[in-house]
Amino acid sequence: MELKSKLCLVVLVFSVLLAVSSGLDYKERDPGLRQCMHQCQHQEGYDEQQKQICEQRCDDYIKQKRQEERQRRRGGGDTSFVRYDENMEQYQGGQQHQQFDQNPYLFEDQDFDTIVETDQGRVQILQKFTEKSDLLRGIANFRIGALITKPHSFVAPHHFDADCVFFVFHGRPTISMVRGDKRESHNLERGDILRVPAGTPVYIINRDENEKLFVVKLLHPVNLPDQFEAFYEGGGENPQSFFKAFSPEVLEAAFKTERDELRRLFGQQRQGSIMKASREQIEKMSHSSRSSEGLWPFHGDQPSTPFSTSSKSGPFNLLRKRPSQSNRHGRLFEADSSDYKQLEELDLQISFANITRGSMIAPFFNSRATKISFVLDGEGFFEMACPHLASQESSQGGSQRQQRSSSPSYQNVRGDLRRGTVFIVPAGHPATAIASRNNNLQILCFEVNAKDNVRLPLTGKKNVVSQFEREAKELAFGVPGREVDRIFNKQDGEFFLEGPNNQQQGRIRSVV
Ligand code: CU
């Protein structure tokens, strides 16, 4: 019994460690940046402002270094994708799964920029999609990122020149928004989706005492297509309040206040934009979590009735909705504008897939939507068929023009998935995701161009091909229709299936 409880403790500690060590810790791991920051802090004779300028320079330098690194990666070297050989038995050149330097659809730790960092937390934003590849032009006006804070922290009031959609994965944030002359506060929890419209002043607390806050953000900038900025209402030196940009005489007139007093007001804050809040402050701000319009608690924890969306600006809980797909191999939760009206304007659908370890999603494609997927937990890999990369490769080869005009060829795009990885599946591209044998793979997906999108399964019970007429099957495949049926109708699973058998690890039954 004692041994058992010790074991539990070890497991608990380990899982806490895992939860705390997010995959997005590029900045913490960059020794150059750490050293540079350290030197700024300990430079003799530097006042606070000089230290900050010094740190900003470190940051700029690192960003530039990484930008150059990315350009080098984009420009140079061979394309390195795996491709099946003719008999579909092995990869050309062996099992080289790691060759993904050039994979334009996969983003990892080093592709995130830390735009805010304090003792209490950080904001990380993925590089522009088009910075990675022109093939991602279609989603150029979206950006993706994450807010990670410690327990009992406060994110200073700010607004973005971007529409923003939050998804809460860990922690219990209270998000307060100023809408016109009213303030709305919403106590959010795991699974909640909340849209924060562009230009809405917002501040956030993590009211959880123990758990880190982890919020995934999708941003849709409104000024420049692929760039957004934060504007801090409050603040002083750090974060710098935007009021400081105005001249003293203008501020004096605007506030009807002496400049000395203004200088004091806008000169105190130095803690950065994510700071520690006291228990009392957290309690006060959690208690105030009722919208002035009385919307709370009518948020989407009820089943989907026409009235569950009556909360115009409140959150919607994706994980409390009935899953649209569910079997022992996984569960899929989906929300579109009929669940959460706020998604309509952004033409967005949001889904959460929990793929059981050892299982996979049946290959499918989206008719119109491009899927931006953020891996929240677990590991595995994705595969996709892409004609763009195949044609790039053949045009580099130079002699494939005639062949290309008769029929396209498809590149196998494959990428390893783990916590913090982002991958893109463009519209029309057949793709699948497979969970490792060890852990469930949990993926949050933002599907843009969601309106009238249809998901078309390629295997399993409802696959596209089995709906063809027999003559069409025979003509298309050049084999008897029954042979086509035999193969396409064999898999009786649906959206989630048993994953590929891994020879090294043997066949392990998946567990729900
Ligand atoms: Cu493609």
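## Here we look at the sheet that holds strand β16 (residues 330-335)
Now for step 1: Taken in spatial order, the 7 strands of this open sheet run β1-β23-β20-β25-β17-β16-β15, and their pairing is antiparallel. Only two strands of the sheet have a single partner each, and these edge strands are β1 (106-107) and β15 (325-327).

## Focus: the confidence of the model for the chain
Now for step 1: Of all residues in the chain, 76% attain a pLDDT of 70 or more, and the chain-wide mean is 81.
Now for step 2: Confidence drops under pLDDT 50 across residues 399-404; counting only partners more than four residues distant or on other chains, this segment forms 4 contacts.
Now for step 3: Confidence drops under a pLDDT of 50 for residues 503-512, and excluding neighbours within four residues, the segment shows 21 contacts in the predicted structure.

## Let's talk about the sheet that holds strand β3 (residues 121-126)
Now for step 1: The 7 strands lie next to each other as β2-β3-β4-β11-β6-β9-β14, forming an open sheet whose pairing is antiparallel. Edge positions in the open sheet fall to β2 (112-118) and β14 (316-317), since each of these has one partner strand only.
Now for step 2: Of the pairings in the sheet, the one linking strand β4 (residues 143-149) to strand β11 (residues 213-221) comprises 7 bridges and is antiparallel in character. For R143, the partnering residue across the bridge sits in β11 and is L219.

## A look at the packing of aromatic side chains
Now for step 1: Under the definition given, this model contains 16 aromatic pairs.
Now for step 2: Centre to centre, the rings of F107 and F129 are 5.6 Å apart; their planes meet at 75 degrees, and the pair counts as edge-to-face. On the criterion of sequence distance, the pair formed by F107 in strand β1 and F129 in helix α5 (residues 129-132) is long-range, its members being 22 residues apart. The same class applies to F107 and to F129, which are both buried.

## Some words on the pattern of salt bridges
Pairing is possible between side chains that carry opposite charge, provided their charged atoms lie close to one another.
Now for step 1: Following the criterion strictly, the structure yields 20 salt bridges and no others.
Now for step 2: In this structure, R455 engages E334 in a salt bridge whose closest nitrogen and oxygen atoms are separated by 2.8 Å. Of this pair, R455 sits in strand β26 (residues 455-457) while E334 sits in strand β16, placing them 121 residues apart in sequence.
Now for step 3: Across the pair K461 and E494 runs a salt bridge, and its minimum N-O distance is 3.5 Å. On the criterion of sequence distance, the pair formed by K461 in the loop between β26 and α12 (470-477) and E494 in the loop between α13 (481-488) and β27 (496-498) is long-range, its members being 33 residues apart.
Now for step 4: Given the relative accessible area of 52%, K461 is considered exposed.
Now for step 5: We classify E494 as partly exposed; its relative accessible area is 32%.
Now for step 6: Residues participating in the shared-partner salt-bridge network are D163, R195 and E345.

## Quick look at the nonpolar core
Now for step 1: Ranked by internal contacts, the top residues of the largest apolar core, which has 89 residues, are F129, I144, I372 and F446.
Now for step 2: For this core, the element with the most residues is strand β6 (residues 162-170), which contributes 7 residues.
Now for step 3: Residues from two domains meet in this core; each of domain 2 (78-234 + 269-314) and domain 3 (321-451 + 503-512) gives at least three.
Now for step 4: Excluding residues that lie within four positions of it along the chain, F446 makes contacts with I144, V165, V216, L218, L348, Q349, I350, T370, K371 and I372.
Now for step 5: Judged by nonpolar contacts, the second largest core, of 5 residues, contains M360, F381, I434 and L497.

## Details of the coordination of the copper ion
Now for step 1: The coordination sphere of the copper ion contains the protein donors C386 (SG), H388 (ND1) and H429 (NE2), at a distance range of 2.1 to 2.2 Å.
Now for step 2: Spacing between the donor residues of the copper ion along their common chain follows C-x1-H-x40-H.
Now for step 3: Under the relative-accessibility criterion, H388 is labelled partly exposed at 35%.

## Structural notes on the pairing of strand β20 (residues 370-377)
Now for step 1: Counting buried residues in β20 gives 7 out of 8 residues, a clear majority hidden from the surface.
Now for step 2: The pairing of β20 with strand β25 (residues 441-448) spans 7 bridges and is classified as antiparallel. Each residue of the ladder has a partner; that of K371, found in β25, is E447.
Now for step 3: By the bridge criterion, 4 bridges tie β20 to strand β23 (residues 422-425) in an arrangement that is antiparallel. Bridge assignment links S373 to a residue of β23, and that residue is F423.

Rules used throughout
Residues numbered from 1 in each chain as written. Predicted model: local features only at pLDDT ≥ 70, side-chain atom pairs only at ≥ 80, totals over all residues. Heavy atoms only, no water. Pairing = 2+ DSSP bridges. Helix = DSSP H or I, 4+ residues; strand = E, 2+ residues; numbered from the N terminus. pLDDT = per-residue confidence, 0-100. Contact = heavy atoms within 4.5 Å. Phe/Tyr/Trp six-rings, centres within 6.5 Å; stacked < 30°, edge-to-face > 60°. Buried < 20%, exposed > 50% of the residue type's maximum accessible area, 1.4 Å probe, protein only. Salt bridge = Lys/Arg side-chain N within 4 Å of Asp/Glu carboxyl O. Core = buried A, V, L, I, M, F, W, Y, C linked by side-chain atoms within 4.5 Å. Domains from an automatic or database assignment. Donors = N, O, S within 2.8 Å, 3.2 Å for Na, K, Ca; no water.

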